[in-house]
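So the chains spell out like this:
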There are 2 protein chains.
Amino acid sequence: MRVVNWFRRRKKRIVVPRLHSRGEVATGTNRIDFAELTPGLPQFLAQAAYLQLTVFEALSEAVANAPTTEVKEVVSEVAGHSLDKHHDLVEELERRGADAGDAMKHYAPSIDAYRARTHGATWLETVTTCYLTAGLLDDFSRRLATGLAADAAARIQQIYAKPDGHELLVDQLREAIDADPRIASKLAMWGRRLVGDTLLIARTALALPPSSPSDEARLEPVFTEIIAAHTRRMDALGLTA
Amino acid sequence: MRVVNWFRRRKKRIVVPRLHSRGEVATGTNRIDFAELTPGLPQFLAQAAYLQLTVFEALSEAVANAPTTEVKEVVSEVAGHSLDKHHDLVEELERRGADAGDAMKHYAPSIDAYRARTHGATWLETVTTCYLTAGLLDDFSRRLATGLAADAAARIQQIYAKPDGHELLVDQLREAIDADPRIASKLAMWGRRLVGDTLLIARTALALPPSSPSDEARLEPVFTEIIAAHTRRMDALGLTA
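Since this is a predicted model, take the numbers as computed values, not measurements.

(A) Region of the structure containing the relation of the copies chain B and chain A. Between the two copies, chain B and chain A, the superposition gives an RMSD of 0.0 Å; the rotation angle is 180° and the shift along the axis is 0.0 Å. These values place the two chain copies in the arrangement generated by a two-fold rotation axis. Relative to the rotation axis, the C-alpha of serine 60 of chain B is the closest in chain B, positioned 3.1 Å from it. Of the interface residues in chain B, 100% have counterparts in chain A that sit at the interface too, so the contact is made through matching surfaces.

Following this line, the structure appears as structure tokens:
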């Protein structure tokens, strides 16, 4: 077990646990506290708001290209939840005096590139992206928010506790997956690719010291529970993560 | 002045006024009452809801392709208003026992084709489409709703009375138009084309008898005020209708 001091904002020594294999949940007291990696409130809000807008963009594209009006209607409900969350986060940002458009600008290049990479070639891939990446990013932001001041953290948890309608996306995807094993295998591959790209973009939201060791492995325990939750979302689709 | 009997649902004789030139507002008592052309409530709601969803799709595309995060944020607010209106209309439909997805299906082919025709080749054309067609279609639906039963009409007027954020689109468009006369001239042409396509799709929402005379001119007075309002929206952009 190595002991390192790698957090800029709080100069306490962190015990880095042994790496866990993918999907295994870190247990016990030797776990890195997610809250240690939380950026400042404006940075957190601007990035979370822009990520949510990106999820909305994917959802609204899925609305536009839905195969039937019934499906269109269902997905439009999910898109509405996502847009509401985005506007709630923007409101939090603006009540602190920030201009949301300006604050989000810093995060646009990397998140836009992420959105292009995770776009998907078919409607089903786009919907899979919506479900899996929104799930992962919301989960990530909710955990990261625990490191904010108590009042801000509470308000932000309330935003993420609102309905997201993701179960409606699961219904759509399960129907297609159950009907065709080739679709299942394609979407499983797509889901695995998404988790990599999404963890990378999530990682950019962490407050890491400039002198952080380049050893990415040290960050992995932070993501263990997030990967486990991703695996459960894949399971809900009947796919192997 | 000709007197014709061309309304199926109410067999009263309608005095058709002389045609007015474009933009001229029909006055006096010889005007056709818009309410005479109102379809049944489920038909009205399904078509209005699907038109609103189409406006939302155009707006969400404008969000995705916005040139800056500031503009993206502004347009996302307008998209949210449109999606809220759509969901309000769907709720009206579903509280009457209809399945919204199924009810809208009938209108999808013609409205989807309309959406494709009015898509726009550039971001500014898409935003112009959002502003001008949403304005015209909302105006149209609001007028058409006056022919519904009083309680339904009142609830629907409330939906359309909610904020639409269109002034934010005007700001975006004016900025581009004022900066470049070539843009102004292109968007003026685009706006003129949009009004034709949009009046055509609006016309399909009218309850016309199967034996209606093919003479489209007889319908024109109904649209006179709607065209006048369109002209005012073009004016607001500094464009000649």
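We are not done yet, so read on.
(B) Expanded view of helix H6 (residues 150-161) of chain A. Residue and element names in this part refer to chain A. With 12 residues, H6 should reach 16 Å at 1.5 Å per residue; the first-to-last C-alpha distance of 16 Å fits that figure. Every buried residue of H6 is accounted for by Ala152, Ala153, Ile156, Ile159 and Tyr160. Angularly, the buried residues of H6 cover 120° about the axis, an arc narrow enough to put them on a single face. Turned more than 90 degrees away from the buried face of H6, the exposed residues are Ala150, Asp151, Gln158 and Ala161. The elements touched by buried residues of H6 are helix H1 (41-64), helix H2 (69-94) and helix H5 (123-144).

(C) Quick peek at the packing of H1 of chain A against H6 of chain A. All names here are of chain A. Contact geometry for H1 and H6: axes closest at 12 Å, N-to-C directions at 5°. With respect to H6, the element H1 is oriented roughly parallel. When H1 is examined against H6, the residues Leu41, Phe44, Leu45, Ala48 and Gln52 are found in contact with a partner set consisting of Ala152, Ile156 and Tyr160. Residues that form the contact of H1 with H6 fall into these classes: 7 nonpolar, 1 polar and no charged.

Rules and cut-offs
- Residues numbered from 1 in each chain as written.
- Chains lettered and ligands numbered in written order.
- Predicted model: local features only at pLDDT ≥ 70, side-chain atom pairs only at ≥ 80, totals over all residues.
- Heavy atoms only, no water.
- Least-squares fit on C-alpha atoms with pLDDT ≥ 70 in both.
- Contact = heavy atoms within 4.5 Å.
- Helix = DSSP H or I, 4+ residues; strand = E, 2+ residues; numbered from the N terminus.
- Expected span 1.5 Å × (residues − 1).
- Buried < 20%, exposed > 50% of the residue type's maximum accessible area, 1.4 Å probe, protein only.
- Arc of directions from axis to C-beta.
- Axes fitted to C-alpha atoms, helices over the stretch in contact; angles between N-to-C directions.
- Parallel < 35°, antiparallel > 145°, perpendicular 65-115°, else oblique.
- Nonpolar A, V, L, I, M, F, W, Y, C, P; charged D, E, K, R; others polar.

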